[in-house]
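Structural features, examined
Here is what each chain is made of, one letter per residue.
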Amino acid sequence: MDRHVPPIGLRTVKTGLAVALALLFADLRGSPLPIFAAIGAISAMSRTVGDAFETCRTQFAGILLGAGFGVVFVSLFADARYIGIGLGLIVLIHLCVRLRLRFAVPLACIVFTAICLSPAHEALGYGANRLLDTAIGLATALVINVTLKPYNNHRRIVELLGQFRQAVPAYVDERVLHGRYPDLSPLGAQLGRIAEELAIFEKQRLFRMRDHSAQAVYLRGCEKLAQSIWQELSALCAMDEKGHLSTENAARLAALGLHVPDGICAMPQSTADVVGNYHLDNLLRAWQFLGEFNRAE
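Overview of the structure.

Conventions and cut-offs
- Residues numbered from 1 in each chain as written.
- Predicted model: local features only at pLDDT ≥ 70, side-chain atom pairs only at ≥ 80, totals over all residues.
- Heavy atoms only, no water.
- Helix = DSSP H or I, 4+ residues; strand = E, 2+ residues; numbered from the N terminus.
- Expected span 1.5 Å × (residues − 1).
- Contact = heavy atoms within 4.5 Å.
- Buried < 20%, exposed > 50% of the residue type's maximum accessible area, 1.4 Å probe, protein only.
- Lys, Arg positive; Asp, Glu negative; His and termini not counted.
- Salt bridge = Lys/Arg side-chain N within 4 Å of Asp/Glu carboxyl O.
- Phe/Tyr/Trp six-rings, centres within 6.5 Å; stacked < 30°, edge-to-face > 60°.
- Lys NZ or Arg CZ within 6 Å of the ring centre and 35° of its normal.
- Polar contact = N/O pair within 3.5 Å; in protein donor to acceptor, adjacent residues only side chain to side chain.
- Axes fitted to C-alpha atoms, helices over the stretch in contact; angles between N-to-C directions.
- Left-handed = near helix turned anticlockwise from the far one by under 90°.
- Nonpolar A, V, L, I, M, F, W, Y, C, P; charged D, E, K, R; others polar.

**Re helix α4 (residues 81-98)**
The end-to-end C-alpha distance of α4, which contains 18 residues, comes to 25 Å, matching closely the 26 Å that a straight helix rising 1.5 Å per residue would cover. Buried-residue contacts for α4 involve α3 (49-76) and α5 (105-116). Downstream of α4 by a residue or two, R100 has a phi angle that is positive, lying close to 60°.

What follows is the structure in structure tokens.
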């Protein structure tokens with residue numbers, strides 16, 4: 001039985017703080033629906049600042065459209081409520097799609113239906129209170145997410161790039177020096193994790209350091225070098241014959257600490273010799289550049 005209990009993360013703490021403050025602010029204004037302030041705060045506590053802004057935009061737009069349409073349709077279809085709800089949902093969904101607010105569709109429809117099922121004299125008050133309380137929760141969580149140690153995975157990306165680079169020589173040793181075909185899937189999985197972390201890093205650009213864009217471009221360049229290494233290694237593994245190793249490439253491999261067997265080197269003569277050394281040369285160049293870039297970072 002695993003008795004290890006993971007530590008409480010910063011995002012968990014920030015969520016609790018955001019909900020507590022949102023409920024306090026809703027109570028100070030005498031809100032009849034404070035639960036929506038809490039829901040807004042929970043929804044906006046996303047992993048990155050960029051995701052938090054997108055969530056706030058989606059939530060606010062969905063409630064605004066749903067509440068606005070609900071009040072209008074309650075007035076127009078007071079005597080045919082169910083027909084009005086059906087027609088309103090069709091128009092509302094179409095509008096959300098046209099405004100590129102597809103993620104706001106479920107929330108807008110829920111708010112619209114809730115208002116339409118409320119008594120006519122309470123529809124406007126319910127819509128206004130829900131919009132205001134949700135806005136309080138969204139704004140509170142957004143401010144906390146931005147000001148209280150925003151998420152930054154820069155170091156994680158640098159570490160992953162370093163781990164990727166360190167793993168490459170063993171694959172080269174297997175394919176080039178011993179003629180075997182190593183399983184490249186673990187290296188490909190590492191490359192996938194780097195791409196995922198970079199996508200998250202790029203969403204952190206709002207309210208972060210001024211050189212964030214430059215750092216993102218720099219890290220993307222490192223990722224491209226890692227992809228080049230992967231492509232050249234894949235090309236070597238796709239060859240039926242590995243060919244003879246040139247003396248220049250043999251010296252470069254020896255400088256990496258790899259043992260070059262006797263008799264493996266020869267002047268490139270066959271097509272396999274030329275192509276194999278070409279791919280290996282490109283791989284080693286990219287490997288060297290990645291090391292220099294990562295150290296500079």
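**Thoughts on the side chain of E232**
Locating E232 in the fold gives a position in helix α9 (residues 212-238). Buried and unpaired, E232 has R285 as its nearest opposite-charge partner, separated by 9.9 Å. Residues contacting E232, with those up to four places away along its chain left out, are H279, N282 and L283.

**With respect to the pattern of salt bridges**
Under the definition given, this model contains seven salt bridges. Residue R57 pairs with E54 through a salt bridge whose shortest N-O separation is 2.9 Å. Residue R57 and its partner E54 are located together in helix α3, separated by three residues, close to a single helical turn. Among the salt bridges present, the one from E174 reaches R180, with a minimum N-O distance of 2.9 Å. Residue R180 is classed as partly exposed on the basis of its relative accessible area, which comes to 41%. Counted as one network, the salt bridges with shared partners bring together E202, R220 and E223.

**Some details on the packing of aromatic side chains**
For the coordinates displayed, the defined rule picks out two aromatic pairs. Arranged with centres 6.0 Å apart and planes meeting at 15°, the rings of F69 and F73 form a pair that is stacked. With F69 and F73 both in helix α3, this residue pair falls four residues apart, about one helical turn. As far as burial versus exposure is concerned, F69 and F73 are alike and both buried. Arranged with centres 5.6 Å apart and planes meeting at 85°, the rings of F73 and F112 form a pair that is edge-to-face. Residue F73 is located in helix α3, and its partner F112 is located in helix α5; the two are separated by 39 residues in the primary sequence. The class of F112 is buried, set by a relative accessible area of 0%. Each residue in the set F69, F73 and F112 is aromatic and connected to the rest through ring pairs, giving one cluster. Directly above the aromatic system of W287 lies the positively charged group of R165, at a separation of 3.5 Å from the ring centroid.

**Things to note about the environment of R252**
Within the secondary structure layout, R252 lies in helix α10 (residues 247-255). For R252, a relative accessible area of 26% corresponds to the partly exposed category. In this structure, the C-alpha to C-alpha distance between R252 and L284, residues 32 residues apart in sequence, is 8.0 Å. In this structure, R252 is in contact with D281, L284 and R285, ignoring residues within four places of it in sequence. Within the local environment of R252, its side chain forms a polar contact with the side chain of N249, the two groups lying 3.1 Å apart.

**Quick look at the packing of helix α2 (residues 35-44) against helix α6 (residues 120-147)**
Remark: α2 packs on α6, axes separated minimally by 7 Å, with the N-to-C direction vectors making an angle of 40°. The interaxial crossing formed by α2 with α6 has right-handed handedness. Note on element contacts: α6 touches α2 through Y126, R130, D133, T134, G137, L138, A141 and N145, opposite F36, A37, G40, A41 and A44. Split into classes, the residues belonging to the contact of α2 with α6 amount to seven nonpolar, four polar and two charged.

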